[in-house]
Amino acid sequence: LGRMKPVIVVHGGAGRIFKEREEGCRAGVVRAALRGYALLKQGGSAVDAVEEAVRSMEDDPHFNAGCGSVLNEKGEVEMDAIIMDGKNLDSGAVSAVKCIANPIKLARLVMEKTKHLLLTDHGAHLFAQAMGIPEIPGEKLVTERSRERWKKNLEPDSNPEEFQKDLGTVGAVAIDSEGNVACATSTGGLSNKMIGRVGDTACIGSGGYADNCSGATSTTGHGESIMKVVLARLILYHMEQGMSPEVAADTALDYMKTRVGGLGGVIVVNKAGEWAARFSTKQMSWATVKDDNLHYGIYAGEKHIKSVDEALASEREGF
């Protein structure tokens, strides 16, 4: 059996990325991709790699996941996450969780330690306690930026829809040297959302899907629209019909736009290790490592390429 060349693709969310946050978003997705790739190079699994990449972005306040998550109508952080293993279609997800630093770690434990796929709110909280996951004060996850936005959205003449464009869900997909694929997605959801609102991220087939027979994908964008078209599974369906990752992604995003008026972005890897990062929003921060080369960008048509060694060197110098 020929060994696969490992590939990882990550996204830091589709939407509108404000100028002053561009560099931080670029650096954040690059760091996440390099971390995931380092695991794959050591023979680590696709599941390990996507979890590590997403954890890295949850810990980065530039993204709407983990620390830096947006606030719900009551001013609290409620997070959703999913992870999926393409080998046997095992998956784990959590929704509306509070007071933990890394929802993706909890999602993985749901996958590996329970017979269930999705735990929510209080039940997820009890499970986290049972698994010894430390609880952190909710305010530890709240950044100045999230609080500012929450306040703005509370003003009588505000239009939260305007701010929703800057979404920042994070995700990763990978294929390892064994040819197994995996996906992971994590988010703080929509700013000023209703308490208990769960979007696409925790929903298998919407926020992500992974199947060794076709590939893996992670999505970002308007959650309700993504759920209506089951976006992640739709992309894999198109690849099963013979489309390349790029064409499959564009076709599905186009359908979501025309059918329900929804915008978003996706990252994809197929079983042959071909990848794509596509979006219908203004921007999406993304990064890929394949063949020891790092590719990354934010704007449509933007693509920087560096060798991994060069990227790691500048990483050490602080980008």
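About the criteria used
Residues numbered from 1 in each chain as written. Predicted model: local features only at pLDDT ≥ 70, side-chain atom pairs only at ≥ 80, totals over all residues. Heavy atoms only, no water. UniProt positions renumbered as here; feature names shortened; annotations may be inferred. Helix = DSSP H or I, 4+ residues; strand = E, 2+ residues; numbered from the N terminus. Rg over C-alpha atoms; globule rule 2.2 N^0.38 Å. Contact = heavy atoms within 4.5 Å. Areas by Shrake-Rupley, 256 points an atom, 1.4 Å probe, with all protein chains shown as cover. Lys, Arg positive; Asp, Glu negative; His and termini not counted. Charge placed at Lys NZ, Arg CZ, Asp CG, Glu CD. Salt bridge = Lys/Arg side-chain N within 4 Å of Asp/Glu carboxyl O. Buried < 20%, exposed > 50% of the residue type's maximum accessible area, 1.4 Å probe, protein only. Axes fitted to C-alpha atoms, helices over the stretch in contact; angles between N-to-C directions. Parallel < 35°, antiparallel > 145°, perpendicular 65-115°, else oblique. Nonpolar A, V, L, I, M, F, W, Y, C, P; charged D, E, K, R; others polar. 1 Å grid on protein atoms, 1.4 Å probe; cavity = no way out; pocket = protein on both sides within 12 Å on 5 of 7 lines; lining within 4 Å. Points joined across faces, edges and corners; volume = space filled by probe spheres on them. Patch = residues over 30% accessible without salt bridge, like charges linked within 9 Å, V, L, I, M, F, W, Y side chains within 5 Å.

Per an unreviewed UniProt entry, the chain goes by Isoaspartyl peptidase/L-asparaginase and derives from Molothrus ater. Database annotation for the chain, UniProt heading Sequence similarities (unreviewed entry): "Belongs to the Ntn-hydrolase family."

(A) A look at the overall build of the chain. Helices and strands together make up the secondary structure of the chain, namely ten helices and 13 strands. By the compact-globule yardstick of 20 Å for 319 residues, the chain fits well, its C-alpha radius of gyration being 18 Å. By principal-axis analysis of the C-alpha atoms, the chain measures approximately 60 × 45 × 45 Å. Looking at the chain alone, contacts between residues at least 24 apart form 65% of all its contacts between residues at least 6 apart. Accessible surface computed for the chain: about 13100 Å², of which carbon and sulfur atoms make up 53%. Here the chain holds 37 positive side-chain charges and 43 negative ones, and the gap between their average locations is 1 Å.

(B) View of the pattern of salt bridges. Applying the stated rule across the entire model yields 20 salt bridges. The shortest N-O distance in the salt bridge between Arg 55 and Asp 59 comes to 3.2 Å. Judged by its relative accessible area of 40%, Asp 59 falls in the partly exposed class. Sharing partners across several salt bridges, the network here consists of Lys 19, Glu 22, Glu 23, Arg 26 and Glu 302.

(C) Fine view of the packing of helix α2 (residues 46-58) against helix α3 (residues 103-113). Across the interface, α2 lies against α3 with an axial gap of 8 Å and an inter-helix angle of 150°. If you check the angle between α2 and α3, you find them roughly antiparallel. Contacts between α2 and α3 pair Val 47, Asp 48, Glu 51, Val 54, Arg 55 and Glu 58 from the former with Pro 103, Ile 104, Lys 105, Arg 108 and Met 111 from the latter. In terms of residue class, the contact of α2 with α3 is made up of five nonpolar, no polar and six charged.

(D) Looking closely at unusual backbone geometry. At Ala 96, a residue that is not glycine, the phi angle is positive and equals roughly 55°. Positionally, Ala 96 belongs in strand β3 (residues 90-97). What makes Ala 96 buried here is its relative accessible area of 4%. In the Ramachandran plot, Asp 291 falls in the positive-phi region, its phi being about 50° despite a non-glycine side chain. For Asp 291, the location among the structural elements is in the loop between β11 (283-290) and β12 (293-299).

(E) Spatial organisation of the layout of surface pockets. What the second largest pocket holds in volume is close to 280 Å³. Elements with a minimum of two residues in the lining of the second largest pocket: α9 (245-260) and β10 (275-279). Examining the composition of the lining of the second largest pocket, we find that five residues originate from one element, β10, more than from any other. Here the lining of the second largest pocket is composed, by residue class, of seven nonpolar, one polar and five charged.

(F) Summary view of the UniProt feature "active site" (unreviewed entry) in the chain. The feature "active site" (unreviewed entry), as annotated in UniProt, sits at Thr 169 in this numbering. For Thr 169, the position within the fold is in the loop between α6 (160-164) and β5 (170-175). Under the relative-accessibility criterion, Thr 169 is labelled buried at 6%. Each residue touching Thr 169, except ones within four places of it in the same chain, is listed here: His 11, Gly 12, Gly 13, Asn 64, Thr 185, Ser 186, Thr 187, Thr 201, Thr 219 and Thr 220.

(G) The arrangement of the UniProt feature "binding site: substrate" (unreviewed entry) in the chain in detail. In the numbering used here, UniProt assigns the "binding site: substrate" (unreviewed entry) feature to Arg 197, Val 198, Gly 199, Asp 200, Thr 220, Gly 221, His 222 and Gly 223. Taken from the residues named earlier, the lining of the second largest cavity is made up of Arg 197, Gly 199, Asp 200, Gly 221 and Gly 223. Along the chain, Gly 221 falls in strand β8 (residues 215-221). Mapped onto the secondary structure, Gly 223 falls in helix α7 (residues 223-229). Under the relative-accessibility criterion, Gly 223 is labelled buried at 1%. Apart from the residues lying within four places of it in its own chain, the contact partners of Gly 223 are Arg 197 and Asp 200.

(H) Region of the structure containing a nonpolar patch on the surface. Taken together, Leu 117, Leu 118 and Ile 204 make up a surface patch of nonpolar side chains, about 240 Å² in accessible area. Mapped onto the secondary structure, Leu 118 falls in strand β4 (residues 118-120). Here Leu 118 falls in the partly exposed class, since its relative accessible area comes to 43%.

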